[in-house]
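Inside the fold
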Amino acid sequence: MNSSHKPAADRRVSTTPLRVGVAGLGTVGVGVVEILRDHAAMIAARAGRPVVVTAVSARDQGRDRGISLVGFGWEDDAAALAARDDVDVVVELIGGSEGPALHLARATLGRGKAFVTANKAMIAAHGPELAAAAEDAGAALAFEAAVAGGIPILKTLREGLAANAITRVYGILNGTCNYILTEMRTTGRDFADVLAQAQALGYAEADPTFDVDGIDTAHKLSILAALAFGGRPDIGAIHVEGIRHVTIDDIRFAEELGFRIKLLGVARMTDHGLEQRVHPSMVPLSAPVAHVEDVFNAVVAEGDAVGTTMSQGRGAGRGPTASAVVADLVDIARGCVAPGFSVPAAALGQHPSAPIEAHQGAFYIRLMVLDQPGVLADVARAFAVEHVSLESLIQRGRSAVEAVPVVLTTHATSEAALRRALDVIAALPAVIEPPRMIRIERSL
Ligand SMILES: NC(=O)C1=CN([C@@H]2O[C@H](COP(=O)(O)OP(=O)(O)OC[C@H]3O[C@@H](n4cnc5c(N)ncnc54)[C@H](O)[C@@H]3O)[C@@H](O)[C@H]2O)C=CC1
Ligand SMILES: N[C@@H](CC=O)C(=O)O
Ligand code: NA
């Protein structure tokens, strides 16, 4: 009998623990310590050996975090965790693409020790370099928590979907933005108010502009695309727009038109190269992702053999994120760790990137106009010149002195043509605010 298929009675829990050093005791760090403490016996049984925290590093040793640090070694300098004899694996939960997090990653892998992180900013910027260092050292590099929090999406792509050529991967990848958009729609509360609540719940990044301006989603999309298409994460190749300009009016018009607004990250192989884009999207109410609300994330992966798969779960917050970190630790304790990016770092190529202007799709456009005679004719002419075909038009209110919204949707068209038309429309005297455009995603 193959030794990896022993009957349950033959399996033993080794007494040799996997000793963990945790750097950063904020939202996620405290969650990891709590899970390893509260589920110690269950995790030992699953991992085949105890997984125990032996040392920690944070900025302030005296701060009350609601957990006991008694029995843990303490380091003021996180990088010192890597050098400790009682640490086999370092978990980095500090954040930031450079600085102490990156220093710690290099120090840990340089010593041939395993490294686990939730830090998408760092993996997006330095993932291939760290993966190469891990391979050279024969050590594990794991970052499941970096994408879509508690959803095991990297494991799904790397292992469960290993048989498939992926054609498209997309999803709701930022819990803070999904929470904000959901709350704005369901309660009518304003953006700043809901963002403050998302911060209090531990969902937002240290700098929440990363969330609301789409950067965090772009970090995650670059990692997803790397696993799905075998390229290096390339933030510079991603077209990024956030949710700051989405108004309650847009959310209401979307509902009226049969859509819901979601911040999506989309990566797709096209004839022009790899298309990667992050922006608010009008999602048909018939699409499953339209109903992924609150802090939940969802990732849809389309494979040539399996077809469409969708994974959903909480994308941010203490428990969900710590769940993914601990899952990585269990894999390391078991000794089964695949390359972080599915393939060896040296095999990660660089795909040509498709410019956003090459995007083809339908659009929602909101104009704020003074209702003067001829304005709609001028708008229609600008679209006609660019062969942009209009699908619907809603005008609310009538006033020649106060702006009123005019909402249009188009049939599928080229983004380059649409942008040229909007440039002309923006210059019309009766159009008194920059036109707002939201892409409609029909094929979800
Ligand atoms: N909060 C969430 O829902 C999620 C967070 N992440 C990622 O997890 C990481 C940690 O995030 P959070 O726990 O939310 O952040 P946080 O801000 O709550 O915690 C970070 C902790 O690191 C400490 N720290 C700062 N500099 C340090 C240093 N030089 N040495 C040791 N500790 C230091 C801070 O004092 C703070 O307690 C980030 O990379 C974040 O992007 C990933 C997925 C979800
Ligand atoms: N700020 C992020 C945290 C998880 O990655 C989010 O809101 O999704
Ligand atoms: Na995940």
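Residues numbered from 1 in each chain as written. Chains lettered and ligands numbered in written order. Predicted model: local features only at pLDDT ≥ 70, side-chain atom pairs only at ≥ 80, totals over all residues.

Structural notes on the sheet that holds strand β4 (residues 89–92)
For clarity, the threshold we go by: Any two strands between which DSSP finds at least two bridges are classified as paired. For the purposes of this entry, the term helix denotes a DSSP run of H or I that reaches at least four residues, the term strand denotes a run of E that reaches at least two, and both are numbered from the N terminus.
Strand order in this open sheet of six strands is β3-β2-β1-β4-β5-β6, and the pairing throughout is parallel. The open sheet terminates on both sides in strands that have one partner only, identified here as β3 (73–75) and β6 (141–142). Strand direction decides the pairing type here: strand β1 (residues 18–23) and strand β2 (residues 51–57), joined by six bridges, are parallel. Counted as the bridge partner of valine 20 is valine 53 from β2.

Topic: the domain arrangement of the protein
Our working definition: Domain segmentation is taken from an automatic or database assignment of domains.
Considered domain by domain, the protein is made up of domain 1 (3–146), domain 2 (153–316 + 350–356) and domain 3 (359–440). When each unit is reduced to the centre of its C-alpha atoms, the spacing between domain 1 and domain 3 is 52 Å.

Looking at the site of ligand 1
This is how it is decided: Any residue whose backbone-placed C-beta atom lies within 6 Å of a molecule or strand is treated as near that molecule or strand.
The environment of ligand 1 is formed by 27 residues, the closest being Gly24, Gly26, Gly95, Ala118 and Ala316. With three residues, helix α1 (residues 27–38) is the largest single contributor of residues to the shell around ligand 1. Split by domain, the shell around ligand 1 shows at least three residues from each of two domains, domain 1 (3–146) and domain 2 (153–316 + 350–356).

Side note on the pairing of strand β11 (residues 296–303)
Where we set the bar: Field definition: a residue is buried when 20 or more other C-beta atoms are found within 10 Å of its C-beta, exposed when 12 or fewer are, and partly exposed for counts in between, with C-beta atoms placed from the backbone.
Most of β11 sits out of view: seven of its eight residues are buried. Pairing of strand β7 (residues 166–172) with β11 involves six bridges; the strand directions are antiparallel. By the bridge assignment for β11, glycine 171 is matched with valine 299. Here β11 pairs with strand β12 (residues 307–314) via eight bridges, running antiparallel. When the sheet's bridge partners are listed, asparagine 297 is paired in β12 with glycine 313. Remark: three residues form the turn of the hairpin made by β11 and β12, two consecutive strands paired antiparallel.

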